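Residues per chain are reported as follows:
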Amino acid sequence: MKVIWNDQIVDRSEVKIDMEDRGYQFADGIYDVVRAYNGHFFTLDEHVDRFFSGMSKIDLEAPFTKDELKSRLKELIEINKIETGNVYFQITRGIASPRDHIFPDPTDVPPVFTASTTVVPRNQVKMTKGITASIVPDTRWLHCDIKSVSLLGNILAKHTAHKKGFDEAVLHRDGIVTECSSSNMWMVKDGTVYTHPDGNLILPGITKIVLLKAAEKAGIPVKEETFTLEDLKQADEAFSSSTTVEAMPIIEIDGVAVGQGKRGPVVEKLQQHFVAEIEAQCGSLTVTN
Ligand code: PSZ
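Residues numbered from 1 in each chain as written. Predicted model: local features only at pLDDT ≥ 70, side-chain atom pairs only at ≥ 80, totals over all residues. Heavy atoms only, no water.

1. With respect to the sheet that holds strand E5 (residues 85-92)
The strand order across the open sheet formed by 6 strands is E2-E1-E6-E5-E3-E4, and the pairing between neighbours is antiparallel. Unpaired on one side and paired on the other, strand E2 (8-11) and strand E4 (40-41) mark the two borders of the sheet. Summarising the sheet, E5 and strand E6 (residues 112-119) pair through 8 bridges and their orientation is antiparallel. Note on E6: the bridge partner recorded for Asn86 is Thr118. Along the sheet, helix H2 (residues 44-57) contacts strand E3 (29-37), E4, E5 and E6; its crossing angle with E3, the most-contacted strand, is approximately 180°. Against the sheet, helix H3 (residues 66-79) contacts strand E1 (2-5), E2, E3, E4, E5 and E6, and its axis sits at roughly 40° relative to E6. (Pairing = 2+ DSSP bridges. Helix = DSSP H or I, 4+ residues; strand = E, 2+ residues; numbered from the N terminus. Contact = heavy atoms within 4.5 Å. Axes fitted to C-alpha atoms, helices over the stretch in contact; angles between N-to-C directions.)

And the structure:
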């Protein structure tokens, strides 16, 4: 498998990451993950737009244009022959030694860009069966809209849920559900779908954008409004969304069934529309359920 390292495509073993890289020292960087189906990227423009917006939020100037980045990523999946899989890409503020909290002058210190691929099939069994989750306090910082390479708050929450035997962590601040540790969070009550509005407390998910459009097409009412842990307890359905899991039913929270304790009709309808959108962009999928 080849990877991108700045302006080269090389074997991973050839990449040299400096210990004074600000990504390593300070988590001073931005990343994104985009999915390919049938060898074609899905929502690549949206992921690249978010990546550029993240860079501008941390005052990091891109060393390439959006089009240059897109063609480089396309080149990588072609070289690695990725049909269905993920591309992880990240940029850091470069190598500045000695270590200093103050940003280096970007004319002296170029950013460091890397990208790699993994083959990941769609997990249709899980998408049908659903997953379990646990409620965990959201102790992250107040810039959750930035897809920072610092995921410590997210992975600590995931670890807390995993230790207890649950698949995902549903995060809350003072009883208000924000999102999950690596996905956006949704609930359904009386036919209406609820999800936290964009802002500094959640990541503006690309899958969320696709699902909002899918709901509109399906005639399912959506409210981008906050909901509480109490609301979630009364929900008919719950699901999470991300690039890797698409729309994933959450059938149990802390051992208590959500609604009927199985995938509900609203998320199933959204999944069908989601597949239709993938097929429109990437060609037909083999859907088994
Ligand atoms: O490999 C990784 O680190 C990935 S792949 C997808 C994610 C992480 N996460 C997406 C994510 C998230 O981390 C949080 C906190 N909220 C929402 C999402 C969903 O974003 P999209 O839909 O753009 O993947």
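Further notes follow.
2. So, the site of the ligand
Neighbouring the ligand are 19 residues, the closest being Arg50, Glu179, Ile206, Thr207 and Thr243. At 2.6 Å from a nitrogen atom of the ligand is found a side-chain nitrogen or oxygen belonging to Glu179. Against a free-state accessible area of 540 Å², the protein chains account for coverage of 87% of the ligand. Among the elements of the structure, E3, strand E9 (176-180), helix H6 (206-218) and strand E13 (237-242) are those that each provide at least two residues to the shell around the ligand. Classifying every residue of the shell around the ligand gives 5 nonpolar, 10 polar and 4 charged. (Near = heavy atom within 4 Å. Polar contact = N/O pair within 3.5 Å; in protein donor to acceptor, adjacent residues only side chain to side chain. Areas by Shrake-Rupley, 256 points an atom, 1.4 Å probe, with all protein chains shown as cover. Nonpolar A, V, L, I, M, F, W, Y, C, P; charged D, E, K, R; others polar.)

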